[in-house]
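Here is what each chain is made of, one letter per residue.
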Amino acid sequence: MDLKYTQASPTPDEKNAIDGFLREQGIPDSFATLSDAEMRMGTSSVADVRVARQYVLPGLHSIQSQFGCVTPGAINWLAMRLGQPAAEVYGTATFYSLFEVAEDAVATLHICDDIGCRAAGTVDPLLNGLAVAGYPEDTPCNGARWKRSPCLGLCAQSPAAYFTTPGNSAGTIAWLDLDNAVRPNTETAISLLQTGLINAAPRLLSIGLAGADPPRLSTLIKFTLNLNLYLEDGGFQALKRARTFTPIQLIDEIDKSGLTGRGGAGFPTGRKWRAVLAEKSPIRYLVCNADESEPGTFKDRTIIENNPYSLIEAMAIAGHACGAKKGWIYIRAEYPEAAARLRKALAEVRTAGLIGAAGAENEIGFDIELSVGAGAYICGEETALLNSIEGKRGEPRNKPPFPSVSGLFGKPTAVNNVETLINALWIVKHGADAYREVGTAQSPGTRLFSLSGSVVAPGVYEAPHGITLRQLIVTAGGLPQGKQLRCVLLGGAAGVFVGLEDLDTELSSEGARAGNVTLGSGVVMVFDTSTDMRAVLKRIAEFFRHESCGQCVPCRIGTVRQEEALKRILHTETPLQEEIELLNQLGSVMCDASICGLGQTASSAIQSGIHRAKLLKSEGNNG
Amino acid sequence: MADLSLETTTKMELIPFGADGRELSAPSGSTILHALRLNGIETPTLCYLETLTPVSVCRVCVVELDGNRTLVPSCSRLLEAGMRIQTDSPRVRLARKLVLELLVSAVDMSLVNEDTRAWMHFYGVDEQRFERGAVPVARSTEPVIEDNPLFVRDYSKCMLCYKCVEACGTDAQNTFAISIKGRGFGASVSTEFSVSLAESACVFCGNCIAVCPTGALMPITEYRLRNEANWRPEDQTVTRTVCPFCGVGCNLELTVQDNRIIKATSPQDHSITHGSLCIKGRFGWEFINQRGEEQPVNSVDQTTMRDGHE
Ligand SMILES: Cc1cc2nc3c(=O)[nH]c(=O)nc-3n(C[C@H](O)[C@H](O)[C@H](O)COP(=O)(O)O)c2cc1C
Ligand code: SF4
Ligand code: SF4
Ligand code: SF4
Ligand code: FES
Ligand code: FES
């Protein structure tokens, strides 16, 4: 394969930065000079161009974080060094919202205007304030600008933003309400744009309890940022124990516990692991899905920021059960604090010999690599995520084959959510029988619900399955004084709106089926009557249009037509009933004919909002 | 890709399945699409091509499969024994109709082949379906790119079937001059940084043109004739010959109008080319045209065929 590149060449700084990055990854400088035949023969450890490709995203991150943008010259040099076609690296870079493929650096304040923040009532005052103060969206002013962003997983601490500046390697979370007492959020945002300075320490979200007595996961993920403290607390004992069992024994125990996935699809974890283990392949992988981009979900971030060690221990156990020697954690870029804590924890655990090179404590040499996304909700879909780790555009694959058969780099792969893995850790510690003591028959154990919107104490709550929606909201302090409940969104943007008559729905798989709702990733987003629900529906439609990968027709074009119909409804241009019929049909075909779960659920919340919660009916002050 | 020529299929094991209430069978290893075709059940396809790895993105070939929550793409889903398939249920009809309506609403589909036209008619596609009220309906409106002397790219006609990208990549040409850039509705086919094809890795083999189902990619001769309203399929003949430029022996089909070669393609089922050619075979006939002033090209070995884009 003879690759040809354009004349665009990197600046000496860019070149040094890329070479330095690749050296850190252990890629020899001579890589670029290997002949095509040598590369295909696998002469050097990364000489397989398909494997080399996985450095594309980290490479782009390293360029962008130093220079604030990714220039053609830099893309060319990275592509050349990795033996990749420039067109493909460019195609990959432009897929992700957070890569600034441009000649000039710009600092960006990504302000969330998504539905959780709308439910919290923080969006309009902030964005209107910025417009009035002369800061229009997406207009650089002294090298800084602001942009609207989909959910940042900070819904319980709204309004918040994610700030990226040249030279800041991973971006920072900016708490816009930090000095709310002193000055309004808008001024905080403006001063940030003007100075680029953030002097806010990371703020932790602790986990509340809602009837989970005694607490379960909450104990496992007690705040610890020090490996010794985690070890003193019995950390990594479960791993030691697990390594004395055979994979089949572990899987039997997980099966017996009835654990199902917490990422949204609710697939039985034991069955997934068994399928991976059963594949005849010398190499298998475990992938932890920490992409957490479903609007309203922030439990995985909370787990990792509180206690990254528990996730590492859980992964080592899961790796043993699946026969995987290597694990990957894919975390969204908008979680810089969680990623930093994980990185530090991984290094500590590696030094302690519990993961990493094979040794007494780690006979098979299980190790974990951290992969960071770049702004794409779709990369939470498991096969899109695998493509993203492989350095490609985050486009989902057609299934079958499922990842358990052909996953990362074509190898059998178990993809699991963070919370699922933490549950597995609990089960190995305490046994399947104890696990089943709380929860319901089909949904044993507890669940971490992300409560946001119009409640007194938004946050993550651990509750046994079967708790009612009402109980959960009450535990979070109910609605603030003077606010009246309008509806609740269960399961996030891919979920379902329910009304007041559904407050006694039991949150379990039985209850969800009976009530025709979904628990999804555990989102409970509470809306009061002061929120403009039409704008919320339109924001959901906009979300899916923006996040569609663009591969398949029903979703790529359908999400656009869906958003247009909602815009027309907002402007009451055409008869409502006709628009609703159009939306119904679009919804049913997107659901039926799209490749992946994004297109298949892109109409779910909107349909339920219209038909179930009657959000388009005139009510309150929404016209 | 399954080789389903008749000789090989007879050697394969036949597996039973049901479609539209009939009990049928097809060789193991077939896709549902092949199994249906072998049994005389027609299915529309847009992103599928025998010679390329299926991407299954257009979703016009979907069928209903018992036990599956959603419809499945017949072009890539492998047939399994005992599958129960519906190809003409209300769900399938609705999905295919709406997929085509969505495409027409966003992409200039005026040059798709007759087959696709017929399917649009069959499903009663309403081309104005989404033109409602004052909110403008988003369409792809990129200007025609005329950045080289051999072919044009009109991405307002691009339905994003990925075929050209595959043909330029590992499925045929291994040149990787083009890729998909952007995301969602903003995704499109592009060279790196949208540079001209001449600056890119393109070798002008034209294999991308050969696979494009919508006429988004077109030889400049055809583009000019169409612009002059002088593209007259009724006056065109297609001449089969062997490419004279090297010893490989690629079959060429030369489209001739007014005694001039106006387009060269290669048949997809040709065992050497699978439809691919190189720059010489695809575009090198200008000099034959000159020679042809003396000796008309269509005097040899002539077959009349319809042009693929009409
Ligand atoms: C559009 C889309 C986004 C998703 N995002 C996430 C996510 O952020 N985190 C997650 O764990 N699962 C997500 N999923 C579900 C994953 O595809 C997959 O089912 C899950 O990671 C499996 O893990 P589990 O079995 O432990 O739940 C998403 C699915 C879709 C279709
Ligand atoms: S459904 Fe949407 S996100 Fe999923 S593959 Fe199709 S276009 Fe991409
Ligand atoms: S002409 Fe050939 S090399 Fe150029 S883009 Fe098309 S397929 Fe690729
Ligand atoms: S240019 Fe043609 S072949 Fe390429 S993706 Fe578009 S429609 Fe398909
Ligand atoms: S952070 Fe704003 S909706 Fe989640
Ligand atoms: S032809 Fe099957 S999805 Fe396009």
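Structural notes, computed from the coordinates. Note that the structure is predicted; figures quoted are calculated from it, not measured.

## Focus: the overall build of chain A
Reasoning step 1: Across its full length, chain A carries 27 helices and 14 strands.
Reasoning step 2: A compact globule built from 623 residues would reach a C-alpha radius of gyration of about 25 Å, and chain A, at 24 Å, matches this within 12%.
Reasoning step 3: Its C-alpha atoms put chain A at 70 × 60 × 50 Å along the principal axes.
Reasoning step 4: For chain A, with 623 residues in total, the buried portion stands at 62%.
Reasoning step 5: Across chain A, the fraction of contacts at a sequence separation of at least 24, relative to all contacts at a separation of at least 6, is 74%.

## Brief notes about the packing of aromatic side chains
Reasoning step 1: Counted according to the given criterion, the structure contains 17 aromatic pairs over all chains.
Reasoning step 2: Plain terms: the ring middles of A:Tyr90 and B:Phe193 are 5.3 Å apart, the flat faces sit at 75 degrees to each other, and that makes the pair edge-to-face. Of this pair, A:Tyr90 sits in helix H6 (residues 86–93) while B:Phe193 is found in the loop between strand E8 (188–190) and helix H6 (207–211), placing the two residues in two different chains. When sorted by exposure, A:Tyr90 lands in the same class as B:Phe193, which is buried.

## Remarks on helix H14 (residues 269–278) of chain A
Residues and elements named next belong to chain A.
Reasoning step 1: All of the buried residues in H14 are Thr 269, Gly 270, Lys 272, Trp 273, Val 276 and Leu 277. The buried residues of H14 occupy an angular sector of 160 degrees when projected down its axis, which confines them to one face. Pointing more than 90 degrees away from the buried face of H14 are the exposed residues Arg 271 and Ala 278.
Reasoning step 2: Here the buried face of H14 lies against helix H13 (247–257), helix H16 (308–322), helix H18 (382–389), strand E9 (413–417) and helix H19 (418–430).

## What to know about the interface of chain B and chain A
Reasoning step 1: With 54 residues of chain B at the interface, the matching set in chain A holds 56 residues.
Reasoning step 2: For the pair chain B and chain A, the summed buried surface comes to about 4,500 Å²; carbon and sulfur atoms form 58% of the total.
Reasoning step 3: Inspection of the region where chain B meets chain A yields four salt bridges.
Reasoning step 4: Between A:Glu578 and B:Arg132 there is a salt bridge; the shortest N-O distance is 3.1 Å.
Reasoning step 5: Along the contact surface separating chain B from chain A lie 27 residue pairs in polar contact (both at pLDDT 80 or more).
Reasoning step 6: Sorting the residues of the side of chain B that touches chain A by element identifies helix H3 (90–106) and strand E7 (179–181) of chain B as the ones contributing at least two each.
Reasoning step 7: The residue makeup of the side of chain B that touches chain A, split by class, is 32 nonpolar, 12 polar and 10 charged.

Conventions and cut-offs
- Here the residue numbering is sequential within each chain, running from 1 through the sequence in written order.
- Here the convention is simple: chains get letters from A, ligands get numbers from 1, in the order in which they are written.
- Per-residue local features of the predicted model are confined to residues with pLDDT of at least 70, and side-chain atom pairs are confined, for both listing and counting, to 80 or more; whole-chain, interface and lining totals are unaffected and use all residues.
- Think of the side-chain values as coming from all heavy atoms in the structure, minus any hydrogens and water.
- For helices the rule is a DSSP run of H or I covering at least 4 residues; for strands it is a run of E covering at least 2, with both sets numbered from the N terminus onward.
- Every radius of gyration here is taken over C-alpha atoms, with the globule rule written as 2.2 Å times N^0.38, N being the number of residues.
- The cut-offs for exposure are 20% and 50% of the maximum accessible area for each residue type, with area from a 1.4 Å probe on protein chains only; residues under the lower value are buried, those over the upper are exposed, and the others partly exposed.
- Should any heavy atoms of two residues lie within 4.5 Å, those residues are considered in contact.
- Two rings from Phe, Tyr or Trp (for Trp, the six-membered ring) form a pair when their centres sit within 6.5 Å of each other. Planes less than 30 degrees apart are called stacked, planes more than 60 degrees apart edge-to-face, and all others tilted.
- What the arc measures is the spread of directions leading from the helix axis to the C-beta atoms.
- As a working definition, buried area equals the accessible area (1.4 Å probe) given up by two parts on being put together, with both sides summed.
- Salt bridge, as used here: a side-chain nitrogen of Lys or Arg that lies within 4 Å of a carboxyl oxygen of Asp or Glu.
- Counted as a polar contact is a pair of N or O atoms within 3.5 Å, where, for protein atoms, one must be capable of donating a hydrogen and the other of accepting one, and residues adjacent in sequence contribute only when both atoms are in side chains.
- Just so you know the grouping, Ala, Val, Leu, Ile, Met, Phe, Trp, Tyr, Cys and Pro go in nonpolar, Asp, Glu, Lys and Arg go in charged, and all remaining residues, Gly too, go in polar.

Any link to function would need more than the numbers given here.
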